[in-house]
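Take a look at the letters that make up each chain.
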Amino acid sequence: LNLHASLADTVAELGYTIPTDIQIQVIPLMLDGMDIIAQSQTGSGKTAAFALPVLQNLINEGSSGDVGTLVLTPTRELAIQVAEAFTQYGRNLKVEALAVYGGQSYGSSKRRLKNGVDVVVGTPGRLQDLMRQGVLDLSTVHTVILDEADEMLSMGFIEDIQNILLQTPAERQTTLFSATIPKPIRQLANNYMHAPQFITIKRKQVTVATTEQRFYLVNEADKLAGLTRLFEMEEIGATLIFTRTRASSARLANELAQRGFNAEALNGDLAQDARMRVLNRFRGGDTRVLVATDVAARGLDIDDISHVINFDLPTDPEAYV
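Small disclaimer: the values here were computed from a predicted structure and weren't measured. (Residues numbered from 1 in each chain as written. Predicted model: local features only at pLDDT ≥ 70, side-chain atom pairs only at ≥ 80, totals over all residues. Heavy atoms only, no water.)

(A) Summary view of unusual backbone geometry. Positioned with a positive phi, Asn 2 is a non-glycine residue whose angle comes to about 60°. Structurally, the position occupied by Asn 2 is in the segment before helix H1 (5–13). For Asn 2, a relative accessible area of 73% puts it in the exposed group. Phi is positive for Glu 148, which is not a glycine, with a value near 55°. Following the sequence through the fold, Glu 148 ends up in the loop between strand E5 (143–146) and helix H7 (149–154). (Helix = DSSP H or I, 4+ residues; strand = E, 2+ residues; numbered from the N terminus. Buried < 20%, exposed > 50% of the residue type's maximum accessible area, 1.4 Å probe, protein only.)

(B) Just the sheet that holds strand E1 (residues 36–39), in detail. Spatially, E3-E4-E2-E5-E6-E1-E7 is the arrangement adopted by the 7 strands of the open sheet, whose pairing is parallel. This sheet does not close on itself; its edge strands, each paired only once, are strand E3 (97–100) and strand E7 (197–200). Neighbour-to-neighbour, the strand axes of the sheet open up by a mean angle of 15°, direction not taken into account. Of the strand pairs in this sheet, E1 and E7 are connected by 4 bridges, and their pairing is parallel. Bridge assignment links Gln 39 to a residue of E7, and that residue is Thr 200. (Pairing = 2+ DSSP bridges. Axes fitted to C-alpha atoms, helices over the stretch in contact; angles between N-to-C directions.)

(C) Spotlight on the sheet that holds strand E11 (residues 305–310). Read across the sheet, 4 strands follow the order E9-E10-E8-E11 without closing on themselves; strand pairing throughout is parallel. The two strands at the open ends of the sheet, each matched to only one other strand, are strand E9 (263–266) and E11. Pairwise comparison of adjacent strand axes, ignoring direction, gives a mean angle of 20° for this sheet. Examined bridge by bridge, strand E8 (residues 238–243) and E11 share 5 bridges and lie parallel to one another. By the bridge assignment, Leu 240 is partnered in E11 with Val 308. Its contacts with the sheet place helix H11 (residues 246–258) against E8, E9 and strand E10 (289–293), and it is angled at close to 165° to E10. Contacts between helix H12 (residues 272–284) and the sheet are confined to E8, E9, E10 and E11, with E9 contributing the most and set at about 140° to the helix. (Contact = heavy atoms within 4.5 Å.)

(D) The packing of helix H10 (residues 223–233) against H11, seen in detail. Here H10 crosses H11 at 50°, and the two axes come no closer than 11 Å. Looking at the two axes, H10 sits oblique to H11. The handedness of the crossing between H10 and H11 comes out as right-handed. Residues Leu 224, Leu 227 and Phe 231 of H10 touch H11, and the partners they reach there are Leu 252, Glu 255 and Leu 256. For the contact of H10 with H11, the residue count by class is 5 nonpolar, no polar and 1 charged. (Parallel < 35°, antiparallel > 145°, perpendicular 65-115°, else oblique. Left-handed = near helix turned anticlockwise from the far one by under 90°. Nonpolar A, V, L, I, M, F, W, Y, C, P; charged D, E, K, R; others polar.)

(E) Molecular detail of the pairing of E3. Residues Ala 97 and Ala 99 of E3 are buried on one face, and the alternating residues Leu 98 and Val 100, pointing to the opposite face, are buried as well. As paired elements, E3 and strand E4 (residues 119–122) share 4 bridges and run parallel to each other. Within the sheet, the bridge partner assigned to Ala 99 lies in E4 and is Val 121. Chirality of the crossover, the property in question, places the unit of E3, helix H5 (residues 106–115) and E4 among those that are right-handed. (Right-handed = clockwise from strand over helix to strand, strands pointing away.)

(F) Structural context of the pattern of salt bridges. In the structure shown here, the tally under the stated rule is 13 salt bridges. Ionic pairing is found between Lys 46 and Asp 147, a salt bridge with its closest N-O pair at 2.9 Å. Linking Lys 46 in helix H3 (residues 46–61) with Asp 147 in the loop between E5 and H7, this pair joins segments that are 101 residues apart in sequence. In terms of burial, Lys 46 and Asp 147 fall into one category: buried. Between Arg 259 and Glu 255 there is a salt bridge, with the nearest N and O atoms lying 2.9 Å from each other. Taking the relative accessible area as the measure of exposure, Arg 259 reaches 40% and is therefore partly exposed. Sharing partners across several salt bridges, the network here consists of Lys 46, Asp 147 and Glu 148. (Salt bridge = Lys/Arg side-chain N within 4 Å of Asp/Glu carboxyl O.)

Encoded structure:
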């Protein structure tokens, strides 16, 4: 992929040997300065697909201390994860990547932006807050990445995205990633992108072969009893349970805790620091069961999960996958 030696070394150190389909297709086009619309699912390796070309350009052009790259994500957790990926891939370079999202204090964001940041990753609401306060200047941005664009659309962020794009230079490079390409996403591309290259990554297999899948047909009133029975019968380790609403995630976590299962809820009603504490307890094994809404957990990378349980039917196939 003609990556700079220091980036290639970092990728090798991280244990990556063969690039994914999305990386093979996106990296050369981004390095050529093209605008891209990439249709790919969660888990296809897209973060490296856009982070590596951005870092390569930083090596070639050097860091000015101004915001050169802007990444928009639908959720706080994804913003944090993407910023961490930039830091990880760019660890042999002096790259400043900052995640901004609702719920964090403004003080640290303002301080870091003042000191100079190369990459800002954020949710649309908080990005606009910082722009209104005159803290975030997007006039130096040359690369914009819209990550999980369809999810941002479904969360009602389309006008926010348009407002943000209007504050960036017209001659920027724009890359859009989306699992689906509904009409509003196409309109966004027509209005804000320059002759974008379309890439569609066909999923070779919808879910990994190592995942055993099954379903139980039960009455609504019997779901909790069925779930409890499953916990009692099976060898269950770290478990992720999805519910449709925030209220039901809190209610189910409470019901499980009352029955002696170590469960906590992860949803948008929690303050950001509380969400991070819940996630860290789950990652560290202190909490065995995490009950979440699919939006709260979308794009999260958590190792060693033994069971994923959809307590409610997922809203669409992509959410299930």
